[in-house]
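Given next are the chains, with one letter for each unit.
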Amino acid sequence: MRDIIEKAMLFGGKAIVTVMRTKNIVERARELHSTSAVATAALGRTLTAITFMSMDMEEDDDVSAIVDGGGVLGKIIVSGAGGGYVRGYVGNGSVELPLNAKGKLDVGGAVGRDGYLTVTKKIGGGEPYVGKCELMSGEIGEDFAYYYLISEQLPSVVALGTLIENGKCISAGGVFIQPLPGCGEDILVVLEDISRNFKDISKQLLVKSPREMIDDNFGHFEIKYLDTKYPEYRCRCSREKLESVILSLGKDEAMDMIRDNGEIRAHCEFCNTDYVFGENDVKKLFL
């Protein structure tokens, strides 16, 4: 099944709910980076959050997040482009930790809690917007909810989950519930009450589609579905882009690098791809 984003307006436009299935995105990241279970869970939750942030952006816009809690996992770095195309990696993807006191993957312990979530948005060619907040728990979902409250003054319910079995991601996704202008206290109370139903989002996505989850939880209210979207793990690096970088260096500097190192080599952290340019490759670029 494809990853999918379902979004619906609630209460006649007073709130909005988004439910996402991102299992393929998370599993693709795990395959590319050979991450451990806890690293996959932490990276997967962050990828899901950035999928949400990027889904309504234009093609040339982008958003990135750095989760740096000072833990053994190192930094989580995720980037998203318009339409819900995301990519990401972690500093120490091989880290292993015992299960936490609840018998679950210790994402908070791996990420750490002594640090920040930093989000950078570039929209419409303008100056980047940078929002930053302290980490609340390192569990990612709570941290993005706090980011929305502090940096964007938008109280939000955020539930993120990844389910790992035999080292692979078998389910992943997220729920975002946000009030809109005109949302009264009575509706907020209802939304908060319903949000408790999404504590095991990854397990629910094993048996229900995002639309079924919206129908089950909000079907007795006024619902208006918006466009369905299909996010993907997609890196934006390419050999052609690196060729442009080499050309920008100029022939003399590029050939100096060849003489010093025998080749020009670049590595993309997001997709684990190595690009190698030998002497003949570089000479052809400057013909």
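Up top you'll find the structure we're talking about.
Peer 1: What is the right way to read the overall build of the protein chain from this model?
Peer 2: Tallying secondary structure elements over the protein chain gives 10 helices and 13 strands in all. In terms of overall dimensions, the protein chain is globule-like: its C-alpha atoms have a radius of gyration of 21 Å, near the 19 Å expected for 287 residues. Out of the 287 residues belonging to the protein chain, those deemed buried represent 48%. Partitioning the contacts of the protein chain with sequence separation of at least 6, the portion at a separation of at least 24 is 63%.

Peer 1: Before we go on, may I ask you to explain the side chain of Thr46 in this structure?
Peer 2: Mapped onto the secondary structure, Thr46 falls in helix α2 (residues 37-54). The contact partners of Thr46, leaving out residues within four places of it in the chain, are Val67, Ile76, Val78, Ile140 and Phe144.

Peer 1: Help me understand the nonpolar core, please; the structure alone is not making it clear to me.
Peer 2: The nonpolar side chains of a soluble globular protein tend to be buried with one another. Within the largest apolar cluster, 46 residues are counted, with the highest numbers of intra-cluster contacts made by Met53, Leu73, Ile76, Val111, Leu117 and Phe144. If one sorts the elements of this core by residue count, α2 sits on top with 10 residues. Aside from chain neighbours lying at most four places away, what touches Ile76 is Ala42, Leu43, Thr46, Ala65, Ile66, Val67, Tyr89, Val90, Val111 and Ile140. Residues Ala8, Val175, Ile214 and Phe218 belong to the second largest nonpolar core, which totals 19 residues.

Peer 1: I would appreciate a short explanation of the packing of aromatic side chains in the present structure.
Peer 2: Two aromatic rings are characterised by how far apart their centres lie and by the angle between their planes. Scanning the entire structure with this criterion turns up 7 aromatic pairs. With a centroid separation of 6.3 Å and 75° between ring planes, the pair formed by Phe52 and Tyr148 is classed as edge-to-face. Pair noted here: Phe52 is in helix α2 and Tyr148 is in helix α4 (residues 141-151), with a separation of 96 residues, a long-range link. Side by side, Phe52 and Tyr148 carry an identical accessibility label, which is buried. Ring plane angle 80° and centroid distance 6.4 Å describe the contact between Tyr148 and Phe176, whose orientation is recorded as edge-to-face. Within this pair, whereas Tyr148 is found in helix α4, its partner Phe176 is found in strand β9 (residues 168-179), the two being separated by 28 residues in sequence. Through successive ring pairs, a cluster of aromatic residues spans Phe52, Tyr147, Tyr148 and Phe176. Seen from the ring of Tyr230, Arg2 lies directly overhead, with NZ or CZ sitting 4.0 Å from the centre.

The rules behind the values
- Residues numbered from 1 in each chain as written.
- Predicted model: local features only at pLDDT ≥ 70, side-chain atom pairs only at ≥ 80, totals over all residues.
- Heavy atoms only, no water.
- Helix = DSSP H or I, 4+ residues; strand = E, 2+ residues; numbered from the N terminus.
- Rg over C-alpha atoms; globule rule 2.2 N^0.38 Å.
- Buried < 20%, exposed > 50% of the residue type's maximum accessible area, 1.4 Å probe, protein only.
- Contact = heavy atoms within 4.5 Å.
- Core = buried A, V, L, I, M, F, W, Y, C linked by side-chain atoms within 4.5 Å.
- Phe/Tyr/Trp six-rings, centres within 6.5 Å; stacked < 30°, edge-to-face > 60°.
- Lys NZ or Arg CZ within 6 Å of the ring centre and 35° of its normal.

Keep in mind that these numbers describe shape and distance, not what the molecule does.
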